[in-house]
Amino acid sequence: MQQSAPLNPCEELKRSIDSPSSGSSPEKPSKLAKTEDLQDCDEEEEEKQSEHHQIMNPNPRIQRYLVGIEYIGTRFSGSQKQPVCRTVVGVLEEAFRKFIGQPVSIICSSRTDAGVHALSNVCHVDVERISKRKPGEVLPPHEPGVVRKAVNHFLQKGEGDITVVDVRCVPADFHARYRAQERTYFYRMLSGPEPLSTFEKDRAWHVSEELDIVAMQNASKVLVGCHDFSSFRAAGCQATSPIRTLDELSISEVVSTPYFPSSMERAQANLMEQDPIACSSASGIELTSKGSISNHDKVEGLDAVCGQEFGQRRRHRCYVITARARSFLYHQVRLLVGVLKAVGTGDLTTCDVERILNAKTVTAASPMAPACGLYLGRVKYELP
């Protein structure tokens, strides 16, 4: 009798959830404050939707554009269009309408909450170029560069908090959401007792306590891989399965921005240019292979010299948490960050993180991190 091929851990996990034992009922996540965001759909559903869009009969008169955008999410009520609130898609559709003279429908690759920013979100839009002088006459499609420049012209007449950064022509069956292979989110945290800088308002999560980055890094390893992330999905999550594969969850310390060198740093830089090896040996600064100061020593140097002169503020330590996966559950990243922050402050341990993951209920997780520190960093595609 032929034996079936063994299932991989993710498939086994999904099968065990799809077929619960009798007498047991899966716990529902507790209710959290809802925002406008909805999670990405399941991977199986993405594949079905992608197949559906591939067999659609394209209209040869219509050009589909893939549009890359960046935005500051502070004054947006999320990305998805709403009847009354100001949203990313609503503002972008209005700019396209002014450009081409007719309404369009825009589909985003990733839906973001109110207050969440994007270094790079991607959407697609179908445009039929009709002559404004001769209504009904169809003209050749606009070049991508023309689309980018024209749409940005109308966007900058508004709040100026959203910009088109890239445009490309794609086939009519290319779907910005269902063709996405990977999504990367960044979360910025500023640690220190000093009040948050005006320039950082609504751009990061200010944590007044010191953070133990080593403990956070160790705890993050527990969460990487294929797991049932029921403890990290908020109420309102419409995904049919809580199983996700988290390809990366890392924590790095970086120089906080905006960065301007102090007089001591400028003097040190001049000495480094004259004799980098002797200067680094005397000061104990580590050089990279190219002879520049390593990022770790830049951070340490800022702590040592900034804030010593009158009128100069002390800088916070800046940490970036990176989460990378094909898709995420509703509020998954912010719930993960909330737990890692609790580890950094000593309120939780790595064992506690394991316990929370295995509890499979969001009531076991720490409070969710605020939206202001979250950035959609990249959406990866295999472009035609």
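Just so you know, these numbers come straight off a predicted model, no measurement behind them. Position numbers for residues start from 1 in each chain and track the written sequence from start to end. Owing to the predicted nature of the model, reporting of local features is limited to residues with pLDDT of at least 70; listing and counting of side-chain atom pairs is limited to 80 or more, with chain, interface and lining totals taken over all residues. Just so you know, side-chain values use all the structure's heavy atoms and leave hydrogens and water out.

Draft legend 1. Summary view of the pattern of salt bridges. What counts as a salt bridge is simple: a side-chain nitrogen of Lys or Arg found within 4 Å of a carboxyl oxygen of Asp or Glu. A full pass over the atoms with the stated rule returns 14 salt bridges. Note that Asp 126 and Arg 64 form a salt bridge whose closest N and O atoms lie 2.7 Å from each other. Here Arg 64 lies in strand S1 (residues 63-71) and Asp 126 lies in strand S3 (residues 117-127), a separation of 62 residues in the sequence. One salt bridge connects Asp 352 with Arg 355, and the closest N-O pair in it is separated by 3.7 Å. Taken together, the positions of Asp 352 and Arg 355, both in helix H10 (residues 350-359) and three residues apart, correspond to about one turn of that helix. Within the structure, one salt-bridge network assembled from shared partners comprises Arg 75, Arg 86, Glu 159 and Asp 161. Secondary structure elements are taken from DSSP: a helix is a run of H or I of four residues or more, a strand is a run of E of two residues or more, and numbering for both begins at the N terminus.

Draft legend 2. Fine view of the packing of aromatic side chains. Centre distance within 6.5 Å is the pairing criterion for rings of Phe, Tyr and Trp, where only the six-membered ring of Trp is used; planes under 30 degrees apart are then read as stacked, over 60 as edge-to-face, and the remainder as tilted. If you walk through the whole model with that rule in mind, you get five aromatic pairs. With 5.4 Å between their ring centres and 90 degrees between their planes, Tyr 185 and Phe 328 make a pair best called edge-to-face. Of this pair, Tyr 185 sits in strand S5 (residues 182-191) while Phe 328 sits in the loop between strand S9 (317-325) and helix H9 (332-344), placing them 143 residues apart in sequence. Accessibility classification places Tyr 185 together with Phe 328 in one group, the buried group. A simple rule labels every residue: compare its accessible area, found with a 1.4 Å probe on the protein chains alone, to the largest value its type can have, and call it buried under 20%, exposed over 50%, or partly exposed in between.

Draft legend 3. Representation of helix H3 (residues 88-100) within the structure. The end-to-end C-alpha distance of H3 is 19 Å, a good match for the 18 Å that 13 residues give at a rise of 1.5 Å each. Three or more residues of H3 are buried, namely Val 88, Val 89, Leu 92, Glu 93, Ala 95, Phe 96, Phe 99 and Ile 100. Axial view of H3: buried residues confined to an arc of 160 degrees, hence all on one face. The contact criterion used throughout is that any non-hydrogen atoms of two residues lie within 4.5 Å. Contacts from the buried residues of H3 go to S1, strand S2 (106-108), S3, helix H4 (144-155) and strand S4 (162-170). For H3, the side-chain oxygen to backbone nitrogen distance between the N-cap and Gly 90 is 3.1 Å, and the N-cap itself is Thr 87. Just beyond H3, the residue with positive phi is Gly 101, at close to 85 degrees. A helix is expected to span 1.5 Å for every residue after the first. Our arc is simply the arc of the directions from the helix axis toward the C-beta atoms. Any pair of N or O atoms that falls within 3.5 Å is considered a polar contact. Within protein, one atom must be able to donate a hydrogen and the other to accept it, and sequence-neighbouring residues count only if both atoms are side-chain atoms.

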